[in-house]
Amino acid sequence: MRGGVRLGIDVGDVRIGVARSDPSGLLAVPVETVARGEGDLDRLAALVAESEAVEVVVGLPVSLSGGEGPAAQKAREFARALAERLGGTISVRLFDERLSTVSAQQGFHAQGLRTKSTRARIDQAAAAIILQSALDTERSTGSPPGSAATGDSARRERKRQRRGRASSE
C-alpha cells in the first residue's frame, strides 16, 4: 500500500462531496461539501495543498451493467479539468462509484435523518465511501485503484481495457 493522504471526490451537478484518508491510507473520513461552479476547482486544489494529498480519487458513476452514460462523461471531464488545475503534480484517478450515494443515503435514513436536510453531508459520506472502497481495493490488489484520469497513462489503460473486452467476447 502506497503511503500518503488521498482525497476522494463525489462530483454532482450541484455539489461536490470531499473526503480524505489518513496518511497510512487505512481510513476515509468526510471533509467538506464544495458548491459546484465558479471556484470549485480552486477550492479542491486548496484542499489538496492543505492536506498534502498525494492522489485524488474521483468517483465514476458506472451503471449496474458496467456501462457509462452522460454522468460518467461529466465525471471524466471534471477529473481531467481537476488534473489540469493541479498542474499534473498530483495523480487524479477515476474509480467506480456504483451505489455510493445510495449507500450514504441509506446510512442517514437508518439514523432517522431526512435526505433533504442532509444532502451536503450525504455528498461527503458518498465521497468517503468511494475513497474507502478505493483504499480497500489498493490494499487487496497492491495496485493503484481505478484508472488514470488524464495523459498517456489514461490512454494506455483505456486501450488495455478495450483489448480485454474484445478478447472476452
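Below you will find a few notes about this structure. A quick note: this is a predicted structure, and the numbers were derived from the prediction, not measured.

1. Notes on the nonpolar core
Grouped together as the largest cluster of nonpolar side chains are 27 residues, with contacts concentrated most on Ile 9, Leu 44, Val 56, Val 58, Leu 86 and Val 92. When contributions to this core are tallied by element, the ones reaching two or more residues are β1 (6–11), β2 (15–21), α1 (40–51), β4 (55–60), α2 (70–85) and β5 (91–96). With six residues, the top contributor of residues to this core is α2. Setting aside chain neighbours within four positions, we find Val 92 in contact with Val 56, Val 58, Ala 79, Ala 83, Leu 86, Ser 147, Ala 148 and Ala 149. Within the second largest apolar cluster, 10 residues are counted, among which are Ala 19, Phe 95, Ala 128 and Ala 134.

2. Digging into the pairing of β4
The element β4 is largely enclosed, with a buried count of six among its six residues. Alternating positions in β4 separate into two faces, Glu 55, Val 57 and Gly 59 on one and Val 56, Val 58 and Leu 60 on the other, with burial throughout. For β1 and β4, the ladder comprises four bridges, and the chain directions are parallel. Note that in β4 the partner of Gly 8 across the bridge is Val 57.

3. Regarding the sheet that holds β2
Taken together, the six strands give an open sheet; going across it, the order is β3-β2-β1-β4-β5-β6, and neighbouring strands pair in mixed fashion. For this open sheet the edge positions go to β3 (28–35) and β6 (147–148), each flanked by a neighbour on one side alone. Along the sheet, α2 makes contact with β1, β2, β4 and β5, crossing β4 at roughly 165°.

4. Brief notes about α1
The first and last C-alpha atoms of α1 sit 17 Å apart over 12 residues, in line with the 16 Å expected at 1.5 Å per residue. Asp 40, Leu 44, Ala 45, Leu 47, Val 48 and Ser 51 are the residues of α1 that are buried. The buried residues of α1 occupy an angular sector of 155° when the element is viewed end-on, so they sit on one face. Exposed residues lying more than 90 degrees from the buried face of α1 are Ala 49 and Glu 50. Against β1, β2, β3, β4 and α2 lie the buried residues of α1. Among the residues trailing α1, Glu 52 stands out with phi positive, at a value near 55°.

Reading the values: rules and limits
Residues numbered from 1 in each chain as written. Predicted model: local features only at pLDDT ≥ 70, side-chain atom pairs only at ≥ 80, totals over all residues. Heavy atoms only, no water. Core = buried A, V, L, I, M, F, W, Y, C linked by side-chain atoms within 4.5 Å. Buried < 20%, exposed > 50% of the residue type's maximum accessible area, 1.4 Å probe, protein only. Helix = DSSP H or I, 4+ residues; strand = E, 2+ residues; numbered from the N terminus. Contact = heavy atoms within 4.5 Å. Pairing = 2+ DSSP bridges. Axes fitted to C-alpha atoms, helices over the stretch in contact; angles between N-to-C directions. Expected span 1.5 Å × (residues − 1). Arc of directions from axis to C-beta.

Any link to function would need more than the numbers given here.
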